[in-house]
Amino acid sequence: MTVRWGLIGASTIAREWVISAIRETGGDIVSVMSSSAERGRSYATENGIPRHVADVHALVNDPDVHAVYISTTNELHRDQAIAAARAGKHILCEKPLAMSLQDAHAMAKAAKEAGVVLATNHHLRNASTHIAMRDAIAAGKIGKPLAARVFHAVYLPVHLQGWRLDKPEAGAGVILDITVHDTDTLRFVLGRDPVEVVAFSQAAGMGKPGVEDGVMGVMRFEDGILAQFHDAFTTKYAETGFEVHGTEGSLVGRNVMTQRPDGTVTLRNADGEQQLPTNASNLYETALKAFHAAVAGKGRPSATAEDGIWSVATGLAVVEATKSGSAVKIETGL
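Read on for an overview of the structure. From a predicted model like this one, the values you see are computed outputs, not experimental measurements.

Side note on the sheet that holds strand S15 (residues 328-329)
Sheet architecture is open: nine strands sit in the order S14-S13-S12-S11-S7-S10-S9-S8-S15, paired in mixed fashion. At either margin of the open sheet sits one strand with a lone partner, and together these are strand S14 (272-275) and S15. Where strand S9 (residues 214-221) and strand S10 (residues 226-232) come together, seven bridges link them in antiparallel fashion. Considered in S10, the bridge of Val218 is made with Gln228. Docked against the sheet, helix H8 (residues 174-190) engages strand S7 (145-153), strand S8 (194-202), S9, S10 and strand S11 (241-246), running at close to 30° with respect to S9.

Overview of a nonpolar patch on the surface
A cluster of nonpolar side chains, contributed by Val198, Val218 and Leu226, occupies part of the molecular surface with about 200 Å² of accessible area. If you trace the backbone, Leu226 turns up in strand S10. Judged by relative accessible area, which is 42%, Leu226 ranks as partly exposed.

Remarks on the environment of His181
In this fold, His181 is placed in helix H8. Its relative accessible area of 7% is what places His181 among the buried residues. Along the chain, His181 and Gly40 lie 141 residues apart, while their C-alpha atoms are 28 Å from each other. Discounting chain neighbours no more than four positions away, the residues touching His181 are Lys95, Asn121, His122, His123, Leu124 and His152.

Side note on the packing of aromatic side chains
This structure, assessed with the given rule, holds two aromatic pairs. A ring pair is formed by Trp5 and Phe291, whose centres lie 5.1 Å apart and whose planes are at 45°; its orientation type is tilted. With Trp5 in strand S1 (residues 4-8) and Phe291 in helix H9 (residues 283-295), the pair connects residues that are 286 residues apart, well separated along the chain. In this pair, the class of Trp5 matches that of Phe291, namely buried. It is Lys236 that lies over the ring of Tyr155; its NZ or CZ is 5.1 Å from the centre.

Each value, and the rule that gives it
- Residues numbered from 1 in each chain as written.
- Predicted model: local features only at pLDDT ≥ 70, side-chain atom pairs only at ≥ 80, totals over all residues.
- Heavy atoms only, no water.
- Pairing = 2+ DSSP bridges.
- Helix = DSSP H or I, 4+ residues; strand = E, 2+ residues; numbered from the N terminus.
- Contact = heavy atoms within 4.5 Å.
- Axes fitted to C-alpha atoms, helices over the stretch in contact; angles between N-to-C directions.
- Patch = residues over 30% accessible without salt bridge, like charges linked within 9 Å, V, L, I, M, F, W, Y side chains within 5 Å.
- Areas by Shrake-Rupley, 256 points an atom, 1.4 Å probe, with all protein chains shown as cover.
- Salt bridge = Lys/Arg side-chain N within 4 Å of Asp/Glu carboxyl O.
- Buried < 20%, exposed > 50% of the residue type's maximum accessible area, 1.4 Å probe, protein only.
- Phe/Tyr/Trp six-rings, centres within 6.5 Å; stacked < 30°, edge-to-face > 60°.
- Lys NZ or Arg CZ within 6 Å of the ring centre and 35° of its normal.

Here it is as structure tokens:
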């Protein structure tokens, strides 16, 4: 069966990545919803989408729509996802799932009650570099993992310097935009969950007063693993990276925290250095292939609602830690 999609939000990420991923993996896009009728009309025309609507209920009650992709601002996710679930539509939702843990749980509950798939669009776990790191750790290639480091400080492109910098009620700031991705990637690669975090935030002038554009911190994971992270919107010339260090070796990923299938992973141990094999598979196509399979009852999405709840809970704990100046335990309610 061809999964027919409705887009909730005429977004940049859908235009740049998700529309093509849906189509390349056998799906079809039949409608787009934008609160601006003019934006919806032009977006539909530019992207070859047959219909556009200005109301979420018109989209989710469209009998031609089987699944929805939600990429609106974060404060809108809960109500839109619940409306989609109650209309019997499968849901792929951008991160963070919601602005609160309670809202994220409400979304998951609505999807479960409706018997529909709810997935979180955590694209980084679909990178072949991170899959190679996860598999190497699971195979004991670095012994017992002890520590990890994530460098995810980037420069926020001018065309994205909108609500992420000036709309706190929508989850503005680097923590709910980038640190949630770090959390999910760390959980995926390490195969363990975070339990506690300490962090400091920075306001270097890119955002409006009170909105952080940089953060550094340390998460403590199960088994006592420590993970250091640096996220920012303000660094034009930094490279991204992901390292895991164990008792018998280290994994060094370079330029791997990206939407593109780029980067390398090097295994270092007593035998020297070797680059792990990776491929150039599109991250979003990998995610959509898994999602379409899940809709057909053949497996799970690459990042589930529960994965999304973990990243929401951790992101909110990081925010709290930056305000309290002390360690904050991570509670998911799962």
